[in-house]
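Close look at the chain arrangement
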Amino acid sequence: MQLLKKKSLSVLAAVLMSVSLAAVTNADQDFSSMQMQGVKRVDIKVDVDAAAKRLSKAVQFPTISNQDRADFDVKAFEGYHTFLEQAYPNVHKTLKREKLGKPRPYSLLYTWEGKDPSLPPAVFMAHQDVVPIAEESRDQWQNEPFSGAIADGYIWGRGVLDDKNQIHAILEAAEMKIKEGFQPARTLYFVFGHDEEVGGPEGVKHVVDVLEQRGLKEIAFVIDESAPLIPNLFPGIEENSALIGIAQKGYMSLELSVNGEGGHSSQPPEHSNIGILAEAITKLENAQFPYKINKAVRHQYRFMGPELPKEKQAMYKAVAYGDDGKTTELEQKFIEEMAEDQVTRAMLHTTIAVTMFNAGIKDNVLPPSATAVVNFRIAPEDSKESVIAHVKKAIDDDRVSIKDISASTPPTNVADPHGDGYKLLEKTIRQTWGNDLIVSPFFVIGGSDSKHFQARSFAPNVYTITAIQLESTKEFAGFHGVNERILVDEYARSIAFFYQLMNNLEEL
Ligand SMILES: [Zn+2]
């Protein structure tokens, strides 16, 4: 009796609790659309033919970042810098330009002094360097990759989409504003790195160090490259979309090595150095980092969820409002769906990518050493230290030594998608491209030079987007691939976007 009574009471309590929980769910957990309403389009006149010619000329400087840094093309960068001075005379008269970088000073820091020194500055970023052309793909290019051809309504060439378009759209906008007599209220910095494609250890990392040493305490807003505007970019979103990166993963490469006895292959030991290392790699790949829904992913689904198919809304809502301490059934379902695809899976954990494996020089010689390199993209819940600890535990073999060989960076802060900076950016996007598109924050599984800002406490609000409209996902082939190109007319809108962003920053 006593027991039964207790039980029925607890059942009642549970029912009451679930009722009140449901009430809380309905009242507090709003899952209506987050899309900004009522923004009017702004028409900005751009002399796009002249601007396209300048971008075409920029592409003709082969500012390539090779993995082998000894291959650095000083002439290409110096030529490009001189060209910028000639192409944007007002910018170079009005803004201070410094060449920074350690050891190579080819990154550019422009300072446009604001009228009100009490306002925290804003930063516009892009990178000068481009990836090389794979020789075996050269004959697939419709126009020579460094010719900067303007043909069929497009500007063609390596870097025209990644990322010289962004440097030049920023400079075109600044040149227009200066001619109109504009001076910004807050100081604006333009930061154009020279080694983004190899992680930016010489360039932007150093620029951020310099700004910090000069006493910069707070940066209000940073914009840098990421995904372009494009329909069908994210699974489930067929409409045109503008995704704004709000957080980036960390980066680290570890070298694993086994150093032991070499010797003659006629009398081998039971386990060779290669065998020991191969086993270590297998153990590591079998010890994947656990899946976790991080804060940036929760933000992403609060904005994206209401725009995705109805039947999955309950799941996205559970993700958006989930609690880091426990994983609900719906969140588990989400994790399983995301894990099915390589791209979305990378959003859920620190990834392990074995990228290099070296040993041996001759068929009858046992190599005295074997080395491998593993690249990690570190999720927000991990750190460099926790990843190294995980690797050591997984391998559990003293014969394998572990060394960080990268200019590693930690996972970044998460920018606020409910803050004024995000709202200002969404408004500028809608003023430029209209309202027939979905704007959402997202978690970036790669990274760009802005991670060097965003990983530090004084610049948490970094937003990343490549401000150019592409026609379809087919155009992605140009990123690091063949036939990189942008539409001339869309380039005009990129310039208008940065022009309008400079206006809107006055109100931040
Ligand atoms: Zn890029």
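Residues numbered from 1 in each chain as written. Predicted model: local features only at pLDDT ≥ 70, side-chain atom pairs only at ≥ 80, totals over all residues.

**Some remarks on the overall build of the protein chain**
Convention followed: Helix and strand definitions here come from DSSP, where helices need a minimum of 4 consecutive H or I residues and strands a minimum of 2 consecutive E residues; each element is numbered from the N-terminal end. Restricting the calculation to C-alpha atoms gives the radius of gyration, and the globule rule supplies 2.2 Å times the number of residues raised to the power 0.38. Burial in this document is a count-based property: other C-beta atoms within 10 Å of a residue's C-beta are tallied, and the residue is buried at 20 or more, exposed at 12 or fewer, or partly exposed in between, with C-beta positions derived from the backbone. Contacts are defined on C-beta atoms placed from the backbone: any two residues whose C-beta positions lie within 7 Å are in contact.
Looking only at helices and strands, the protein chain has 15 helices and 17 strands in total. Taking 23 Å as the expected radius of gyration for a compact globule of 508 residues, we find that the protein chain reaches 26 Å, a close match to that expectation. Based on the C-alpha atoms only, the size of the protein chain along its principal axes is roughly 85 × 75 × 45 Å. With 508 residues in all, the protein chain has 42% of them scored as buried. A sequence separation of at least 24 residues applies to 79% of the contacts in the protein chain between residues at least 6 apart.

**Describing the nonpolar core**
One recurring pattern in soluble globular proteins is that nonpolar side chains are buried together. Threshold: Residues enter a nonpolar core if they are buried, belong to Ala, Val, Leu, Ile, Met, Phe, Trp, Tyr or Cys, and are joined to the set through C-beta atoms within 7 Å. Annotation comment: domain bounds sourced from an automatic or database domain assignment.
Core analysis: the largest hydrophobic core is formed by 103 residues, its most contacted members being Ile170, Val222, Ile244, Tyr463 and Phe498. Element by element, the count of residues in this core is highest for helix α15 (residues 488-504), at nine residues. A domain-level breakdown of this core finds at least three residues from each of domain 1 (48-248 + 412-507) and domain 2 (250-404). Ignoring any residue separated from it by four or fewer positions in sequence, one finds isoleucine 170 in contact with Phe124, Ala126, Phe190 and Phe498. Counting residues in each nonpolar core, the second largest holds 19 residues, with Leu256, Ala280, Leu284 and Val387 among its members.

**A closer look at the domain arrangement of the protein chain**
Definition in use: Put simply, Ala, Val, Leu, Ile, Met, Phe, Trp, Tyr, Cys and Pro go in the nonpolar bin, Asp, Glu, Lys and Arg in the charged bin, and everything else, Gly too, in the polar bin.
For the protein chain, the assigned domains read domain 1 (48-248 + 412-507) and domain 2 (250-404). Just the C-alpha atoms count here: the centres of domain 1 and domain 2 sit 31 Å apart. Across the boundary between the two partners, domain 1 contributes 14 residues, which contact 16 residues of domain 2. At the level of elements, β8 (240-248) and β15 (438-444) are the ones that each hand at least two residues to the side of domain 1 that touches domain 2. Of all the elements, β15 adds the most residues to the side of domain 1 that touches domain 2, at five residues. Here the side of domain 1 that touches domain 2 is composed, by residue class, of 10 nonpolar, four polar and no charged.

**Remarks on the sheet that holds strand β14 (residues 400-404)**
Applicable threshold: Paired strands are those between which DSSP finds at least two bridges. Where helices are involved, their axes are fitted lines through C-alpha atoms of the stretch in contact, as for all axes, and angles between N-to-C directions lie from 0 to 180°.
The sheet built from four strands is open, its strands ordered β11-β13-β9-β14 with antiparallel pairing. The sheet is open, and its two edges are formed by β11 (351-359) and β14, each paired on a single side. The sheet shows a mean angle of 20° between the axes of neighbouring strands, taken without regard to direction. Across five bridges, the pairing between strand β9 (residues 250-259) and β14 is antiparallel. Looking at the pairing, valine 258 lines up with valine 400 of β14. Helix α7 (residues 273-285) contacts β9, β11, β13 (369-378) and β14 of the sheet and is inclined by roughly 15° relative to β13.

**A short note on the environment of alanine 492**
Its place among the elements puts alanine 492 in helix α15. Residue class for alanine 492 comes out buried when judged on the 20 C-beta atoms lying within 10 Å of it. Placed 443 residues apart in sequence, alanine 492 and aspartate 49 show a C-alpha to C-alpha distance of 8.9 Å. The residues contacting alanine 492, other than those within four sequence positions of it, are Val46 and Val48.

**Structural notes on the pairing of strand β7 (residues 221-231)**
In the case of a regular strand, side chains alternate between the two sheet surfaces. Across the 11 residues that make up β7, a large majority, 10, are buried. Bridge count between strand β3 (residues 122-127) and β7: three bridges; the pairing is parallel. Each bridged residue has a counterpart across the sheet, and for alanine 122 the counterpart in β7 is phenylalanine 221. Summarising the sheet, β7 and strand β16 (residues 462-469) pair through five bridges and their orientation is parallel.

**Points about the UniProt feature "domain: Peptidase M20 dimerisation" (unreviewed entry) in the protein chain**
How we decide: UniProt positions are given in the numbering used here, feature names are shortened, and annotations may be inferred rather than shown by experiment.
UniProt feature "domain: Peptidase M20 dimerisation" (unreviewed entry): in the numbering of this structure it lies at residues 246-397. Here residues 246-397 runs as 38% helix and 24% strand, with 38 Å between its end C-alpha atoms.

**Focus on the sheet that holds strand β4 (residues 150-151)**
One open sheet holds the three strands; their spatial order is β4-β5-β17, and the pairing between them is antiparallel. With partners counted over all chains shown, the strands left at the sheet margins are β4 and β17 (485-487), one partner each. Against the sheet, α15 makes contact with β4, β5 (154-156) and β17, and its axis sits at roughly 80° relative to β17, the strand it touches most.

**Describing the environment of leucine 508**
Inspection of the secondary structure assignment puts leucine 508 in the segment after α15. Given 16 C-beta atoms within a 10 Å radius, leucine 508 is considered partly exposed. Those residues in contact with leucine 508 that sit more than four places away from it in its chain are Ala220, Phe221, Asp420, Gly421 and Leu424.

**Observations regarding helix α9 (residues 313-320)**
Along α9, the residues classified as buried are Met315, Tyr316, Ala318, Val319 and Ala320. Where the residues of α9 are buried, they touch α8 (295-304) and α10 (329-339).

**Thoughts on the confidence of the model for the protein chain**
Spelled out, the test is: Every residue gets a pLDDT, meaning the predictor's confidence in that residue, from 0 to 100.
For the protein chain, per-residue confidence averages 92 on the pLDDT scale, and residues scoring 70 or more make up 95% of the total. Counting contacts from residues 1-27, a segment whose pLDDT is below 50, to residues more than four positions away or on other chains yields zero contacts.

**Quick notes on helix α12 (residues 384-395)**
The condition that has to hold: In this analysis, the expected span of each helix is defined as 1.5 Å times one less than the number of residues it contains. When we speak of the arc, we mean the arc of directions from the helix axis to the C-beta atoms.
The terminal C-alpha atoms of α12 lie 17 Å apart, and with 12 residues this matches the ideal 16 Å at 1.5 Å per residue to within 8%. Of the residues making up α12, those classed as buried are Val387, Val391 and Ile395. Here the buried residues of α12 occupy an arc of 60° about the axis, which is enough to place them on one side. Away from its buried face by more than 90 degrees, α12 exposes Glu385, Ala389 and Lys393. Looking at the buried residues of α12, the elements they touch are β9, α7, β13 and β14. Positive phi appears at aspartate 396, one or two residues downstream of α12, with a value of about 45°.

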